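Breakdown of the fold
Letter by letter, the chains look like this.
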Amino acid sequence: MEDYKVRVEHLTKNFGDVHVLDDISFNIKKGEFLVVVGPTGCGKTTFLNLLTKIIDPTSGDILIDGESADPRKHNLAFAFQEPSAIPWLTVEDNLKFGLKIKKIPKAEMQTRVEKIIKLLGLEKFRHQYPNQLSVSCEQRVIIGRAFVMYPDLLLMDEPYGQMDIKMRYYLEDEVIKLWKELGSTVVFITHNIEEAVYLAQKVLILSNKPTTVKEEVTIDLPRPRDFTSPEFVKLRQYITDQIKWW
Ligand SMILES: Nc1ncnc2c1ncn2[C@@H]1O[C@H](COP(=O)(O)OP(=O)(O)OP(=O)(O)O)[C@@H](O)[C@H]1O
């Protein structure tokens, strides 16, 4: 039973008459890369707020390692689309920021930061400030800052929404590299089906509000994945067909 890192159990959230999440259940294995695709307004922010205990569920629960998710107990990390690197800190200090808050010992902090800098090829930029970086470079810092926490659960919400396709491909490969190296459990939210099939071990398809889990699709294509292979195209088409009624 406990080989699941995260269990979402019959999670329901209503705001008065507005039924947002309707009996959502799914599991995430330790170290799994789960991609969630869902229409606008299906309750992603609501899910995040439930996870971080900003709001309470109407019923059901989110469990991490068998315990109700709690940001004071569990190590949760986030990477969003908005450029959110801290402007007055260098790249290196941005990567250290969360580790300092968590009071990670200095030697451990340095080891982790060096590992991330190396994996993301940020050596040249370590003493630069965010406003000296390109958009994609800043985004790498934001992603690195989330992975460096070695989180119980890392949530990525459309982190590449604004990027052109070349940057997107590049950053998708970077995320896979970090994930493989560090074994983090990742939930990645996107509207982009191609991105979902490229990244995921499992794609969770959500419905329109009141939101239910429509289907879980396992993607076991070898990596690096080829967008043009017949198997890739078939899965992309299949998932697209499942969400046509959005
Ligand atoms: N406090 C609230 N009171 C009433 N309704 C709410 C409240 N918070 C969210 N909702 C409703 O819940 C639904 C889901 O909202 P939420 O912000 O979670 O969606 P989302 O999936 O994050 O949206 P998007 O795709 O635009 O990011 C919306 O219809 C919203 O109007």
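Residues numbered from 1 in each chain as written. Predicted model: local features only at pLDDT ≥ 70, side-chain atom pairs only at ≥ 80, totals over all residues.

As recorded in an unreviewed UniProt entry, the protein chain goes by ABC transporter ATP-binding protein and comes from Vallitalea pronyensis.

1. Thoughts on the site of the ligand
Phe 15, Val 18, Val 20, Thr 40, Gly 41, Cys 42, Gly 43, Lys 44, Thr 45, Thr 46 and Lys 209 make up every residue found near the ligand. For the shell around the ligand, the secondary-structure elements that each account for two or more residues are β2 (18-29) and α1 (44-51). The dominant element in the shell around the ligand, judged by the number of residues it contributes, is α1, at three residues. (Near = placed C-beta within 6 Å. Helix = DSSP H or I, 4+ residues; strand = E, 2+ residues; numbered from the N terminus.)

2. Quick word on the nonpolar core
Among soluble globular proteins, nonpolar side chains are generally buried collectively. Leu 34, Val 35, Val 37, Val 187, Ala 196, Ala 200 and Val 203 are the most contacted members of the largest nonpolar core, which totals 62 residues. Apart from residues no more than four positions distant in its own chain, Val 37 is found in contact with Thr 190, His 191, Ile 193, Ala 196, Val 203, Ile 205, Leu 206, Ile 239 and Ile 243. (Core = buried A, V, L, I, M, F, W, Y, C linked by C-beta atoms within 7 Å. Buried ≥ 20, exposed ≤ 12 C-beta atoms within 10 Å, placed from the backbone. Contact = placed C-beta atoms within 7 Å.)

3. So, the sheet that holds strand β9 (residues 202-206)
Spatial ordering of the open sheet is given by β6-β7-β8-β3-β9-β10, a layout of six strands whose pairing is mixed. Both outer strands of the open sheet, β6 (76-80) and β10 (213-218), are each paired with one neighbouring strand and no more. When strand polarity is set aside, the average angle formed by the axes of neighbouring strands in this sheet is 20°. Here β9 pairs with β10 via five bridges, running antiparallel. Each residue of the ladder has a partner; that of Leu 204, found in β10, is Glu 216. (Pairing = 2+ DSSP bridges. Axes fitted to C-alpha atoms, helices over the stretch in contact; angles between N-to-C directions.)

4. Examining the packing of helix α2 (residues 91-101) against helix α3 (residues 106-119)
Between α2 and α3, the shortest axis-to-axis distance is 10 Å and the interhelical angle comes to 135°. The orientation of α2 with respect to α3, classified from their angle, is oblique. Viewed along their axes, α2 and α3 form a crossing whose handedness is right-handed. Each of Glu 92, Leu 95, Lys 96 and Leu 99 in α2 lies in contact with α3, whose residues at this interface are Met 109, Arg 112, Val 113 and Ile 116. Classifying every residue of the contact of α2 with α3 gives five nonpolar, no polar and three charged. (Parallel < 35°, antiparallel > 145°, perpendicular 65-115°, else oblique. Left-handed = near helix turned anticlockwise from the far one by under 90°. Nonpolar A, V, L, I, M, F, W, Y, C, P; charged D, E, K, R; others polar.)

5. Brief notes about the packing of α2 against helix α4 (residues 135-147)
At their nearest, the axes of α2 and α4 sit 8 Å apart, and the two run at 30° to each other. Taken together, the axis directions place α2 and α4 in an arrangement best described as roughly parallel. As α2 packs across α4, the resulting crossing turns out to be right-handed. For the pair α2 and α4, the contacting residues are Val 91, Asn 94, Leu 95, Phe 97 and Gly 98 in the first and Val 141, Gly 144 and Arg 145 in the second. Partitioning the contact of α2 with α4 into residue classes produces four nonpolar, three polar and one charged.

6. Side note on the sheet that holds strand β4 (residues 59-64)
In spatial order, the strands read β2-β1-β4-β5; together these four strands make up an open sheet with antiparallel pairing. Both outer strands of the open sheet, β2 and β5 (67-68), are each paired with one neighbouring strand and no more.

7. Observations regarding helix α5 (residues 165-182)
Along its 18 residues, α5 runs 26 Å from first to last C-alpha, staying within 8% of the 26 Å computed at 1.5 Å per residue. Of the surrounding elements, those touching the buried residues of α5 are β3 (33-37), α3, α4, β8 (186-190) and α6 (193-199). Gly 183 occupies a position one or two residues after α5 and carries a positive phi of about 65°. (Expected span 1.5 Å × (residues − 1).)

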